[in-house]
Amino acid sequence: MTAGASTAPSVAIGARRAPLPGAWRVGWSRGQVELKAFFRERQSVVFIFAMPAVMLVLLGAIFGKQGAGHGVTIGDLYVAGLIGGGVMATSYQNLGMSIAFERERFTLKRLRGTPMPAAAYFVGKIIQVLVAALAEVAVLLVVGLAFYHLRLPGAAAWWTFAWVFVLGVAACSLLGIAASSVPRSAARNGVAVITFPFVILQFISGVYVPFFLVPAWLRDIASVFPLEWMCRGMRSVFVPQAVALEPGHSWQHGQTALVLSAWIGAGLVLCLTTFHWQNRQDR
Amino acid sequence: MNATGCAVLARGLVKRYGGVAAVSGIDLEIAPGEVFALLGPNGAGKTTTVEILEGYRARDGGEVSVLGTDPQRAGRAWRARIGVVLQLASDAPELTVAEMVGNFAGFYPSPRRPAEVIDLVGLADKARARIHTLSGGQQRRLDVALGLIGGPELLFLDEPTTGFDPAARHAFWDVIRALSGSGVTVLLTTHYLDEAATLADRVAVIRDGVIVAEDRPDDLGGRAAAAAVVSWQDHGGRRSERTAEPTRLVAELAARHGGEVPELTVTRPSLEDVYLELIGGQR
């Protein structure tokens, strides 16, 4: 601002020549506010972020000491399973619910009315999901180290963790974005449409119930979806000795990468064809 | 600016929802720097018209040019030149006012200073408050701040003062007058006739998707030329007379009373009277 007396807004024509800010820069700033909004929202932090940690403590306390054979305890399996479930909670469930609410409350519509690049919105969401998911994993590992005899794996296993984590977050985030368009009203049926299928998947994919205890026909259903492969990948990282309990006595890493990549492709197509900045009643 | 020099130009604008016409042939011409108010009952087509001009909705017929561009094909550079204040938007309850306004500033090539805009809408002492702690009127002023942050040439305000207390409304009107004084074009929809009368250079009344009257607020529906009603207190009680020459009648009354006429008033039809007649009594 120049002279203090002037209250005129800066509408100088020359100023219009300034270049539009780029998608990465705007996306980075969106990431900052997304993270602040996420971690300040007590309800989302409790339900999405802290719940897997509490579940791990509870399930571990109830079943943890029981042996599953081959030197594996049920508690070991829960650490890996809840890491898989926690990653999906912070990506799929968190994004699905939050975007559904943002659409319902016209947040998306308002953003669409600004020169914010569309990509910047998603960059912001990716930053928020990655930070929350990594924090989730860290919390679960700390619980695992404190309450169970979890041993942190070596370098090769961390590489496996990295690609399972990245592919899993990508697939579940895209599915979450796609799922956000399904409920007619986020407030009234968001939980039924978005959360309920995720809860079922957690029961049959090796999160709440060790996978080797799940009946074969339910395991077959679970194997269609990404969560089972994420949990399997996490078991291979954190409970490698459990390979003897796995179907086919193998971790099937190639298959895991293939299924998760296929879901990334399908999720991307779903997002590109179904994503809207305005809700159904408002187009 | 387009060839005609209008900020907003619409010719024969038509919009149908499932075969039912919401807007059936609207013409609009708004000059740069003008404050233009659209009045009309709920469902008359105000919001539909404005949302077509904002680029949110596709039209079914007619020609539209906003700042020289068809909103349906406009990109980020065009959005950087407009400001949109939606009728209903509530989001990011856990962010502070300053964080929200600062984030939106980052979307624009040459934004106004966030602190200055927050001050302009009267939220300076709430800059560090979380959005969910604001009153309804304060949240609305935040909406206005978000519409102003980019330094728009054209500002859309959809029922901006709904839910304001009288003091807040007057403060808000001062903001709009200051903007208008600095050359910003304003398109406003409102339910409040006093708001249109005090702010707008021109007013259009929409009914059933067509404009039924358009004029200066003082002239709308032939108000300025309409017969005046002169009323005064006589021995027998209140007397009223409708006349095209109120000055002559007042002079006569003054002569008859030998000075001061008891409880003298001279009134013309109010904007509200004219408006209610134009919309056929429906509200």
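The rules behind the values
- Residues numbered from 1 in each chain as written.
- Chains lettered and ligands numbered in written order.
- Predicted model: local features only at pLDDT ≥ 70, side-chain atom pairs only at ≥ 80, totals over all residues.
- Helix = DSSP H or I, 4+ residues; strand = E, 2+ residues; numbered from the N terminus.
- Contact = placed C-beta atoms within 7 Å.
- Nonpolar A, V, L, I, M, F, W, Y, C, P; charged D, E, K, R; others polar.
- Expected span 1.5 Å × (residues − 1).
- Buried ≥ 20, exposed ≤ 12 C-beta atoms within 10 Å, placed from the backbone.
- Arc of directions from axis to C-beta.
- Pairing = 2+ DSSP bridges.
- Axes fitted to C-alpha atoms, helices over the stretch in contact; angles between N-to-C directions.
- Parallel < 35°, antiparallel > 145°, perpendicular 65-115°, else oblique.
- Left-handed = near helix turned anticlockwise from the far one by under 90°.
- Core = buried A, V, L, I, M, F, W, Y, C linked by C-beta atoms within 7 Å.
- Bend = angle between axes of the 7 residues up to and from the residue.
- Domains from an automatic or database assignment.
- pLDDT = per-residue confidence, 0-100.

### A word on the overall build of chain A
Scanning chain A from terminus to terminus reveals ten helices and two strands. Put simply, chain A runs from its N terminus to its C terminus through helices and strands in the order α-α-β-β-α-α-α-α-α-α-α-α. Sequence-distant contacts, at least 24 apart, represent 81% of the contacts inside chain A between residues at least 6 apart.

### Observations regarding the interface of chain A and chain B
Contacts between the two partners involve 30 residues from chain A and, on the opposite side, 32 residues from chain B. Elements supplying a minimum of two residues to the side of chain A that touches chain B: helix H1 (23-40) and helix H4 (107-112) of chain A. Of all the elements, H1(A) adds the most residues to the side of chain A that touches chain B, at six residues. For the side of chain A that touches chain B, the per-class residue count stands at 15 nonpolar, seven polar and eight charged.

### Quick look at helix H6 (residues 166-181) of chain B
Residues and elements named next belong to chain B. Given a rise of 1.5 Å per residue, 16 residues ought to cover 22 Å, and the 22 Å separating the end C-alpha atoms of H6 matches this to within 8%. Along H6, the residues that are buried comprise Phe172, Ile176 and Leu179. Buried residues of H6, seen end-on, are gathered within an arc of 60 degrees and therefore sit on one face of the element. For H6, exposure combined with an orientation more than 90 degrees from the buried face picks out Pro166, Ala167, His170, Asp174 and Gly181. Buried residues along H6 sit against strand E3 (35-39), helix H5 (136-148), strand E6 (154-158), strand E7 (185-190) and helix H7 (193-199). Of the residues flanking the end of H6, it is glycine 183, one or two places downstream, whose phi is positive at about 100 degrees.

### Focus on the sheet that holds E7(B)
Residue and element names in this part refer to chain B. Pairing in this open sheet of six strands is mixed, and the strands run E5-E6-E7-E3-E8-E9 from one edge to the other. Both edges of this open sheet fall to strand E5 (82-85) and strand E9 (210-215), since each of them pairs with a single strand only. Between one strand axis and the next, the sheet turns by 15 degrees as a mean value, whatever way the strands run. In terms of strand pairing, E6 meets E7 through five bridges, oriented parallel.

### Digging into the packing of helix H6 (residues 155-179) of chain A against helix H10 (residues 253-274) of chain A
Residues and elements named next belong to chain A. Their axes nearest at 8 Å, the elements H6 and H10 cross at an angle of 25 degrees. With respect to H10, the axis of H6 lies roughly parallel. Pair H6 / H10 crosses with left-handed handedness. Every residue of H10 that contacts H6 at Thr160, Trp163, Val164, Leu167, Gly168, Ala170, Ala171, Leu174, Leu175, Ile177 and Ala178 is listed here: His253, Thr256, Ala257, Leu260, Ser261, Trp263, Ile264, Gly267, Leu268, Leu270, Cys271 and Thr274. When grouped by side-chain class, the residues that make up the contact of H6 with H10 number 16 nonpolar, seven polar and no charged.

### Brief notes about the sheet that holds strand E2 (residues 20-30) of chain B
Residues and elements named next belong to chain B. Across the sheet, which stays open at both edges, the three strands sit in the order E2-E1-E4 with antiparallel pairing between neighbours. The open sheet has two free edges, formed respectively by E2 and strand E4 (61-66), since each of these has just one partner strand. Direction aside, neighbouring strands of the sheet carry axes that sit 25 degrees apart on average. Bridge count between strand E1 (residues 8-17) and E4: five bridges; the pairing is antiparallel. Each bridged residue has a counterpart across the sheet, and for arginine 11 the counterpart in E4 is glutamate 63. Against the sheet, helix H1 (residues 46-54) makes contact with E1, E2 and E4, and its axis sits at roughly 120 degrees relative to E1, the strand it touches most.

### Brief notes about the nonpolar core
With 146 residues, the main nonpolar core has B:Val8, B:Val101, B:Ala145 and B:Val186 as its most contacted residues. It is helix H3 (residues 74-104) of chain A that contributes the most residues to this core, 15 residues altogether. Ignoring sequence-local partners within four residues, the contact set of B:Ala145 consists of B:Val101, B:Val117, B:Ile118, B:Val121 and B:Leu123.

### A word on H3(A)
Residue and element names in this part refer to chain A. Here H3 is 31 residues long and its end C-alpha atoms lie 42 Å apart, about the 45 Å a rise of 1.5 Å per residue gives. Its axis deflected by about 35 degrees at alanine 89, H3 carries its strongest bend there. Burial runs high along H3: 30 of the 31 residues are buried.

### Brief notes about the environment of A:Lys125
All names here are of chain A. Relative to the helices and strands, lysine 125 is located in helix H5 (residues 118-147). Assessed through the 24 C-beta atoms surrounding it within 10 Å, lysine 125 is described here as buried. Distance in space between the C-alpha atoms of lysine 125 and glutamate 41 is 15 Å, their sequence separation being 84 residues. Residues in contact with lysine 125, not counting those within four places in the same chain, are Glu34 and Leu95.

### Digging into the pairing of E2(B)
Bridging between E1(B) and E2(B) involves eight bridges; their strand directions are antiparallel. The residue bridging B:Lys15 from the neighbouring strand is B:Val23, located in E2(B).

### Section: the domain arrangement of chain B
Often the size quoted for an interface is simply the accessible area lost on bringing the parts together. Considered domain by domain, chain B is made up of domain 1 (32-54 + 73-216) and domain 2 (227-267). Inter-centroid distance (C-alpha atoms) of domain 1 of chain B to domain 2 of chain B is 43 Å.

### Concerning the environment of A:Thr107
Secondary-structure assignment places A:Thr107 in helix H4. The sequence separation of A:Thr107 and A:Ala89 amounts to 18 residues, and the corresponding C-alpha distance is 22 Å.

### Here's the deal with the confidence of the model for chain B
Any region with low pLDDT has predicted coordinates that should not be read closely. All names here are of chain B. Taken over all residues, the pLDDT of chain B has a mean of 88, while the share at 70 or more is 96%. In the model of chain B, helix H9 (residues 271-278) stands out as the element of lowest mean pLDDT, 80, in contrast to helix H3 (residues 97-105), which has the highest, 96. Across the interfaces of the predicted complex, the ipTM metric reaches 0.84, alongside a pTM of 0.85.

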